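# Understanding the architecture of this molecule
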Amino acid sequence: MAKISEDEVKHLAKLCRLQFDDNEIKKFSRELTSILGYVSQLEEVDTDGVDPTFQVTGLTNVMRKDEVKEVCKRDELLATSPLEISRDQIKVPPVFE
Amino acid sequence: MNLNELTIEQCHKGLKEKEFSSVDLTKACLQRISDVDEKLNAFVTVTENVALKQAEEVDKKIAKGEQISPLTGIPCSLKDVFSTKGIETTACSNILKGYVPPADASTVKKLKNEGMVLLGKTNTDEFTCGTSTESSCFGPTRTPWDLERVAGGSSGGPAASIASHECIYGLGTDTGGSIRLPGAYCGIPGLKVSYGRVSRSGVISMASSLDSIGPMGKTVRDCAIILQTIAGKDVADSTTPDIEVPDYLSEIEKDVKGMTVGVPKEYFIKGLDDEIKQSVDDAVKQFEKLGMKVKEVSLPHTKYALAVYYVICPCEVSANMARYDGIRFGPGPKESADDLMDYYVKARSQGFGDELKRRIMTGTYALSSGYYDAYYLKAQKVRSLVIKDYEEAFKEVDVMVAPIAPDLPFKVGEKVDDPLKLYLVDVLTTPVSVVGIPSLAVPSGVSKDNLPIGFQIIGPRFKEERVLQVGNAYEKAIGFREKYQPTL
C-alpha cells in the first residue's frame with residue numbers, strides 16, 4: 001500500500017506550486033496516505049479488456065466555424081488581473097533572476 | 001403566508017393577476033435575508049440594488065401588459081461559482097476574492113432573458129470541494145432545521161437560502177452529490193441532471209467530466225420550471241449534446257401507474273442510519289400505493305464507486321486549479337515575490353484552503369508518471385464497469401430509489417479533523433455522478449429530532465422528465481411541505 005512520505009509531499013508541493021511548513025508536511029503525509037490507501041481498493045477489480053470512460057457524452061471533436069466573436073472587451077479581461085498592465089499586457093515578475 | 005414563502009408557480013400566478021409586484025416579492029426576500037442570514041450564513045454577497053432594479057424593470061413590463069414567463073420577476077440566488085457580470089464571484093476561495101467576472105455564465109444569461117431577479121450569491125465549499133460548506137473561506141452554512149448542524153455541501157448556501165425562504169429558487173452544482181446532499185439536509189428538492197444536459201459555460205469548474213448544473217427549489221414542479229429554461233445544447237459548452245429538451249411540466253404530470261421502481265440492494269450499506277433506511281422503505285411503499293411495481297436490483301460495483309470518484313475527482317481538480325496562478329484573476333500574493341515561481345507558490349499557498357491543497361496534491365500524484373496507470377486509468381476502467389451496472393439495471397426498471405446520505409445532518413465541526421470522514425458522506429451520491437445520469441433529491445420525512453430526511457430518484461441518461469415525474473407524484477402524495485417546517 002502506498003505511503004506518501006514527507007519527501008514525496010515536498011516533491012508534490014513543488015509540482016503543484018505550493019509551499020508548506022513542517023507541521024503541514026507531516027499532516028499531508030498522513031492524510032494523503034490515508035486517502036490513497038482508501039482508493040487503492042480499486043486494485044481488487046478485474047478490468048482486463050475494459051475500456052476506460054474519460055467522459056460519458058460519447059461526443060468527439062465538436063466543431064464550430066472559425067468565426068471571430070467578441071465575448072468581452074480586452075480592457076474588461078485585463079481589469080481582472082492584480083498586476084500592472086502595460087501596453088495591453090500583464091506585467092509579471094521576472095522568470096529568471 | 002409571507003410572499004417570500006411562495007413557490008415559483010404561486011409567485012407567477014400572483015404577478016400575472018397583479019396581487020403583488022416583483023418589487024414586493026424582492027423586498028420580502030431581502031427582509032428575510034436581513035432577519036436570518038447572520039445565523040444561517042447562506043449568502044456571501046447580497047445584491048440588493050441589482051435585485052430591486054431588476055424587479056422594477058419586470059414591474060414596468062407587467063404594467064405595460066407585456067407577457068411574462070414563469071421565472072420572470074422571481075427572486076433567486078446563485079451558488080458563488082456562477083459567473084455574474086459585474087458581481088463578485090469567488091468560488092468561496094481566498095484565491096478569487098475580489099474577482100469580478102467580465103461576462104455572465106450561459107445559464108445566467110438564460111435566466112436574465114426570462115427577467116431574473118438576483119438576490120445574491122450563495123455559499124459553497126471552496127471550489128465546490130466538500131460535503132458540508134465548512135471549507136468555504138466565508139465559514140459554514142447551517143441548515144435552517146438546526147443551526148448547530150451543517151446545511152450539507154457543497155450547495156449548502158443555495159439549499160439553506162431556499163429552505164429558509166430567503167429566496168424562491170436557486171441554481172446549484174452537483175459533481176459528487178453537491179445538490180442532492182444539501183437538498184436532503186435542508187428538506188428541499190434538488191435535481192442533479194445528466195452530464196451535458198445543462199451548459200457549464202461560465203461556471204467555475206471543479207471536475208470537468210463530472211460537474212453538472214442543476215435547479216433547486218421548493219417543489220418538484222418548480223425544479224422542472226427552472227430546468228425548462230436552463231437545459232439544452234450550448235455552443236459555448238461542447239459537452240452539451242444536441243438532445244431535445246422535452247416539455248417537462250406536461251411530461252411530469254403523466255400517471256406513474258405501471259412504472260417499475262428498482263431498489264438497488266448495494267445502497268443499503270452497513271451503518272446506514274435506521275431512520276433514513278425506514279424513510280426509504282416508506283417511500284417504496286408509497287410508490288406501490290401509487291400503482292408502481294417494485295423490484296430489487298443489483299449494482300455490483302457500487303462499493304467501488306466512491307474510490308473511482310475520489311481518484312477521478314482530485315485528478316481533474318488538480319488540472320482545473322492550475323489556472324489559479326495569481327496572474328490573470330484573484331488578488332495575487334499578499335507580499336511581493338522574488339520571481340515568477342515565488343509568485344506562483346505564494347499566491348497559491350495563501351489562496352487555497354487545506355481541502356483544495358489535499359485534492360490538488362492527490363490528483364497530481366495520481367496523474368504523475370508511474371502512477372497514472374494504477375490510479376487514473378484504473379479508475380476510468382472501473383468507471384466503465386459502474387456505468388454498465390446501471391445500463392443493465394435500467395433494462396429491468398424505469399427508475400431507482402436510494403438513500404442520499406448515510407447519516408442525518410451532522411454537527412458543524414464534527415468531521416473536519418478527518419478528511420476521509422467527510423469523503424464517506426458522499427458514498428451514496430458518487431455512483432450516479434461517475435455514471436453521469438440524473439438523480440432527483442426529494443424530501444421524505446423528518447427524524448425524531450425534526451431533522452429532514454430525503455432520498456434520491458435515479459433515472460437513465462437524459463430522462464430528467466422521468467425522475468421529475470416520479471418525484472412529482474410522490475411529493476403530491478405525501479405533502480412534505482405542508483406537514484413539516486424548519487425551526488428557523
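This text follows the structure it describes.
The paragraphs below set out a description of the structure included in this document.

## What about helix α10 (residues 302-320) of chain B?
The end-to-end C-alpha distance of α10(B), which contains 19 residues, comes to 27 Å, matching closely the 27 Å that a straight helix rising 1.5 Å per residue would cover. Counting buried positions along α10(B) yields 16 of 19 residues, so the element is predominantly enclosed.

## Some thoughts on the pairing of strand β13 (residues 452-458) of chain B
All names here are of chain B. Within β13, seven of the seven residues are buried, which leaves it mostly tucked inside the rest of the structure. Covered by surrounding structure in β13 are Pro 452, Gly 454, Gln 456 and Ile 458 together with Ile 453, Phe 455 and Ile 457, the residues of both alternating faces. Relative to β13, strand β11 (residues 399-403) runs antiparallel, the two being bridged by four bridges. Counted as the bridge partner of Met 400 is Ile 458 from β13.

## Details of unusual backbone geometry
All names here are of chain B. Residue Ser 154 is bonded to the preceding Gly 153 through a cis peptide linkage, with omega at 5°. With a phi angle near 55°, Cys 92 is a residue other than glycine that sits in the positive phi range. Structurally, Cys 92 is set in the loop between β2 (75-79) and α4 (106-113). Overall, Cys 92 belongs to the buried group, with 31 C-beta atoms counted inside 10 Å. Here Phe 127, not a glycine, exhibits a phi torsion of approximately 50°, which is positive. Checked against the element boundaries, Phe 127 lands in the loop between β3 (117-122) and β4 (142-143). On the basis of neighbour counts, which here come to 30 C-beta atoms within 10 Å, the residue Phe 127 falls in the buried class.

## A closer look at the interface of chain A and chain B
Across the contact, 43 residues belong to chain A and 52 residues belong to chain B. For the side of chain A that touches chain B, the secondary-structure elements that each account for two or more residues are α1 (6-16), α2 (22-39) and α3 (74-78) of chain A. Per-element accounting of the side of chain A that touches chain B gives the leading share, eight residues, to α2(A). For the side of chain A that touches chain B, the class distribution of residues is 28 nonpolar, nine polar and six charged.

## Notes on the nonpolar core
One recurring pattern in soluble globular proteins: nonpolar side chains tend to sit buried together. In this structure, B:Cys76, B:Leu119, B:Val308, B:Val311 and B:Ile312 are the most contacted members of the largest nonpolar core, which totals 155 residues. Examining the composition of this core, we find that 12 residues originate from one element, α10(B), more than from any other. Sequence-distant contacts of B:Val308, defined by excluding residues within four places in its chain, comprise A:Leu42, B:Ala379, B:Val382, B:Arg383, B:Val386 and B:Val434.

## Examining the pairing of strand β5 (residues 146-150) of chain B
Residue and element names in this part refer to chain B. Here two bridges tie β4 to β5, and the two strands are oriented antiparallel to one another. Note that in β5 the partner of Thr 143 across the bridge is Asp 146. Adjacent in sequence and paired antiparallel, β4 and β5 are bridged by two residues.

## Considering the environment of B:Lys289
All names here are of chain B. By the element assignment, Lys 289 lies in helix α9 (residues 274-289). Lys 289 sits in the exposed class, given 8 other C-beta atoms within 10 Å. Remark: the alpha-carbon pair of Lys 289 and Ala 477, spanning 188 residues in sequence, is separated by 9.4 Å.

## What about helix α13 (residues 373-393) of chain B?
Residue and element names in this part refer to chain B. For α13, built from 21 residues, the straight-helix expectation of 30 Å at 1.5 Å per residue is met to within 8% by its first-to-last C-alpha distance of 29 Å. For α13, the set of buried residues is Tyr 375, Tyr 376, Lys 378, Ala 379, Gln 380, Lys 381, Val 382, Arg 383, Val 386, Asp 389 and Tyr 390. Turning to α13, the residues buried within the fold contact α10, α12 (354-367) and α15 (430-435).

So, how was this worked out
- All residue numbers refer to position in the chain's written sequence, counted from 1.
- Labels are handed out in written order, letters beginning with A for the chains and numbers beginning with 1 for the ligands.
- pLDDT decides what is reported in this predicted model: residues at 70 or higher carry local features, side-chain atom pairs at 80 or more are listed and counted, and totals for whole chains, interfaces and linings draw on all residues regardless.
- The helix count covers DSSP runs of H or I at least four residues long, the strand count covers runs of E at least two residues long, and both are numbered beginning at the N terminus.
- A helix is expected to span 1.5 Å for every residue after the first.
- Here a residue counts as buried when 20 or more other C-beta atoms fall within 10 Å of its C-beta, as exposed when 12 or fewer do, and as partly exposed in between; the C-beta atoms come from the backbone.
- Whether two strands pair comes down to DSSP finding at least two bridges between them.
- We call two residues in contact when their backbone-placed C-beta atoms lie within 7 Å.
- In this classification, Asp, Glu, Lys and Arg are treated as charged, Ala, Val, Leu, Ile, Met, Phe, Trp, Tyr, Cys and Pro as nonpolar, and every other residue, Gly included, as polar.
- Linking buried Ala, Val, Leu, Ile, Met, Phe, Trp, Tyr and Cys residues through C-beta atoms within 7 Å yields a set, and such a set is a nonpolar core.

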